[in-house]
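# Tertiary structure, described
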Amino acid sequence: LKTELMDLRADGFVIRNQHGEVVFRLAFRSGSLDLESCSKEGEILSCTRSDRGPLNFFIQTVKPKDTVMCYRVRWEELAAGPAVEHTMFWEDAHWYGGSEMSTQHWPIRLAGYQEPVPYVTSDVYSFRDSFGGILERYWLSSKAAAIKINDSVPFHLGFNATERSLFFQARYKDSPYKPPPGQQPFPELSYRVCVGSDVTSIHKYMVRRYFNKPSKIPAENAFRYPIWSTWALYKKDIDQDKVLHFARNIKKYRFNCSHIEIDDMYTQAYGDFDFDPVKFPNVTEMFAKLREDGFKVTLWIHPFIHVYSSNFGVGIERQLFIKEPSGRLPAMVEWWNGIGAILDFTNPAARDWFQSHLRQLRHKYGISSFKFDAGETSYLPKQFSTFRPLSDPSIWSRRYTEMAIPFYELAEVRVGYQSQNISCFFRIIDRDSVWGYELGLKSLIPTVLTISMLGYPFISADMIGGNFLPNKTDGAVEIPDRELYIRWLELSAFMPSMQFAIPPWLYDKEVVEIA
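## Topic: empty space enclosed by the protein
One water molecule sets the probe size; rolling that probe over the atoms shows where empty space is left. Inspection of every chain in the model, using the stated rule, returns five cavities of 30 Å³ or more. If you add up the space inside the largest cavity, you get close to 190 Å³. In terms of lining residues, the largest cavity is bounded by 19 residues, among which Gly97, Met101, Ile108, Leu110 and Trp139 are the most central. Where the lining of the largest cavity is concerned, the elements lending two or more residues are β10 (95-99) and β14 (155-160). For the lining of the largest cavity, the element with the most residues is β10, which contributes four residues. Considering only residue class, the lining of the largest cavity consists of 11 nonpolar, seven polar and one charged. Estimates place the volume of the second largest cavity at around 80 Å³. Residue lining of the second largest cavity: 13 residues in total, with Gly271, Asp272, Phe273, Ile301 and His302 positioned closest to the centre. Elements that contribute at least two residues to the lining of the second largest cavity include exactly β19 (297-301) and β20 (304-305). For the lining of the second largest cavity, the class distribution of residues is nine nonpolar, three polar and one charged.

## A short note on the layout of surface pockets
Empty space within the largest pocket amounts to approximately 500 Å³. Together, 19 residues line the largest pocket, and Val120, Pro176, Thr377, Ser378 and Lys382 are the ones closest to its centre. Its residues assigned to classes, the lining of the largest pocket shows 10 nonpolar, seven polar and two charged.

## Some remarks on the packing of aromatic side chains
Under the defined criterion, the tally for this structure stands at 54 aromatic pairs. An angle of 90° between the planes, with centres 5.6 Å apart, marks the rings of Tyr138 and Phe211 as edge-to-face. Note that Tyr138 is positioned in strand β12 (residues 135-141) and Phe211 in the loop between α1 (199-210) and α2 (220-224), a separation of 73 residues in sequence. Taken individually, Tyr138 and Phe211 each receive the classification buried, so the pair is uniform in this respect. Taken together, a centroid distance of 6.2 Å and an interplanar angle of 75° make the contact between Trp228 and Phe246 edge-to-face. Note that Trp228 is positioned in strand β17 (residues 227-229) and Phe246 in helix α4 (residues 240-252), a separation of 18 residues in sequence. By relative accessible area, Trp228 is classed as buried at 0%. According to the relative accessible area criterion, Phe246 is buried, its value standing at 1%. Among the aromatic side chains, those forming a connected cluster through ring pairs are Phe273, Phe345, Trp353, Phe354, Phe370, Phe372, Trp396, Tyr400 and Phe407. Sitting over the face of the ring of Phe89, Arg25 holds its NZ or CZ atom 4.2 Å from the ring centroid.

## Quick word on the pattern of salt bridges
Counted by the stated rule, this structure contains 34 salt bridges. The salt bridge partner of Asp34 is Arg49, with a shortest N-O separation of 2.6 Å. Taken as a pair, Asp34 in the loop between β4 (22-28) and β5 (38-41) and Arg49 in strand β6 (residues 44-50) lie far apart in primary sequence, 15 residues in all. One network of salt bridges, with partners in common, ties together Asp123, Asp373, Glu376, Glu412, Arg414, Arg427, Asp430 and Asp462.

## A word on the state of the cysteines
One pass over the full model with this rule turns up two disulfides. With a sulfur-sulfur separation of 2.1 Å, Cys38 is cross-linked through a disulfide to Cys47. Note on the Cys38 and Cys47 pair: the S-S dihedral is about 105°, so by sign convention the disulfide is right-handed. Side by side, Cys38 and Cys47 carry an identical accessibility label, which is buried. Two residues, Cys70 and Cys194, share a disulfide whose sulfurs are 2.1 Å apart. On the S-S bond that ties Cys70 to Cys194, the torsion sits near 110°, and the link is right-handed.

What counts and how
Residues numbered from 1 in each chain as written. Predicted model: local features only at pLDDT ≥ 70, side-chain atom pairs only at ≥ 80, totals over all residues. Heavy atoms only, no water. 1 Å grid on protein atoms, 1.4 Å probe; cavity = no way out; pocket = protein on both sides within 12 Å on 5 of 7 lines; lining within 4 Å. Points joined across faces, edges and corners; volume = space filled by probe spheres on them. Helix = DSSP H or I, 4+ residues; strand = E, 2+ residues; numbered from the N terminus. Nonpolar A, V, L, I, M, F, W, Y, C, P; charged D, E, K, R; others polar. Phe/Tyr/Trp six-rings, centres within 6.5 Å; stacked < 30°, edge-to-face > 60°. Buried < 20%, exposed > 50% of the residue type's maximum accessible area, 1.4 Å probe, protein only. Lys NZ or Arg CZ within 6 Å of the ring centre and 35° of its normal. Salt bridge = Lys/Arg side-chain N within 4 Å of Asp/Glu carboxyl O. Disulfide = S-S within 2.5 Å.

Right under this line is the structure:
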């Protein structure tokens with residue numbers, strides 16, 4: 001059956017461009033259409049049966065502008081249970097988009113075979129085979145074809161590198177997705193394929209149609225001067241003297257500074273919103289000194305509350321946490337610093353409570369902003385219940401990212417899902433101090449280009465020289481390899497922002513000069 005430049009068969013369809021060249025090919029993997037049941041009315045071609053029984057299938061052609069032709073495709077099962085799966089073939093085109101990955105190439109290059117898994121935000125540093133914390137359901141090809149999977153789909157993604165294909169799957173069974181309240185769990189796979197005259201114009205059309213835009217711009221200093229993080233040098237042993245010493249050295253070596261970011265373990269317990277009085281005995285004086293020397297300061301923050309924190313009791317009492325499925329007890333989750341409860345950002349009370357603590361820190365010490373860490377769905381329990389039901393778990397990530405809005409000028413977040421309107425820096429996941437494409441130096445450009453294509457222009461490429469963790473470092477013992485560090489530094493100069501954590505003065509005079 002034909003509709004515009006699409007040929008529909010029982011087992012899939014192909015789409016051609018205006019010159020008659022096939023630019024998109026897709027196969028129905030979970031069932032084939034009974035073409036006898038199909039009929040066409042105006043722009044809509046619909047079918048009512050597949051080899052599995054009755055279904056609701058349609059393709060609607062839409063011509064939004066002269067140079068663009070779109071096809072809205074929807075396959076909806078009329079029974080609970082069976083997944084709907086379609087296979088998209090890359091053919092000989094290059095494809096771009098999707099998500100941050102632990103091994104990132106530009107264009108996309110995948111290896112091996114992956115059964116469809118939930119396409120939700122995940123920490124690809126800790127879970128290397130998952131999809132990253134910044135992701136959108138959008139792909140673009142060098143043949144000027146683009147596909148956007150609908151937000152309502154319980155979307156799972158797999159791939160087969162040998163046959164050069166992606167598997168698009170909709171399912172509720174054994175899945176973190178839930179049907180919207182009051183709806184039957186009938187899986188529906190729906191998407192829009194658009195074909196244009198050239199890659200630029202089709203990408204522009206898709207971005208305008210499907211992504212929000214930032215409404216503001218982060219602080220100019222965050223672009224102009226480097227950010228200095230305490231993490232790589234001091235890790236969790238951060239204290240008042242080390243912060244002041246760090247600041248003194250930035251001045252001594254005559255470096256510019258957008259702000260100093262105090263990282264992990266300045267509090268007594270995870271979930272506290274104040275400084276550990278042992279590590280920071282004169283915290284007000286410390287901030288006065290930093291202010292006097294012209295330093296702005298941001299703090300590391302996260303959504304976890306440990307049992308040892310006095311806020312754990314508050315969270316239980318006020319029901320601020322994500323709960324286990326029965327909705328009675330908080331669901332305890334494991335993250336990289338232990339086990340804790342996790343704030344439920346679908347709950348306005350939890351959002352207000354969290355925000356009020358951040359505002360208090362700003363008011364009490366003059367904190368400029370925050371580095372919002374974590375936020376991926378991989379830190380949610382397998383089964384859970386939230387204040388507002390979540391049909392798509394990644395919406396929780398989005399609600400967490402929204403916490404950065406009042407602090408956008410110097411804020412940094414690391415999860416992005418339908419969050420292009422949040423005008424702060426989006427940080428790519430931590431890098432190891434290695435050369436390669438797996439979270440190493442070579443992965444930087446592919447990752448930054450991918451994220452920017454998904455509509456996030458303000459990107460932090462994380463720390464110069466990588467995280468410097470033992471066993472995850474090429475060729476160095478005390479600090480990252482000197483050559484690797486210099487190359488990383490040079491590359492960072494071309495990124496929207498630069499961030500030092502391993503300071504250049506740990507090397508030698510020449511490295512300081514280069515920096």
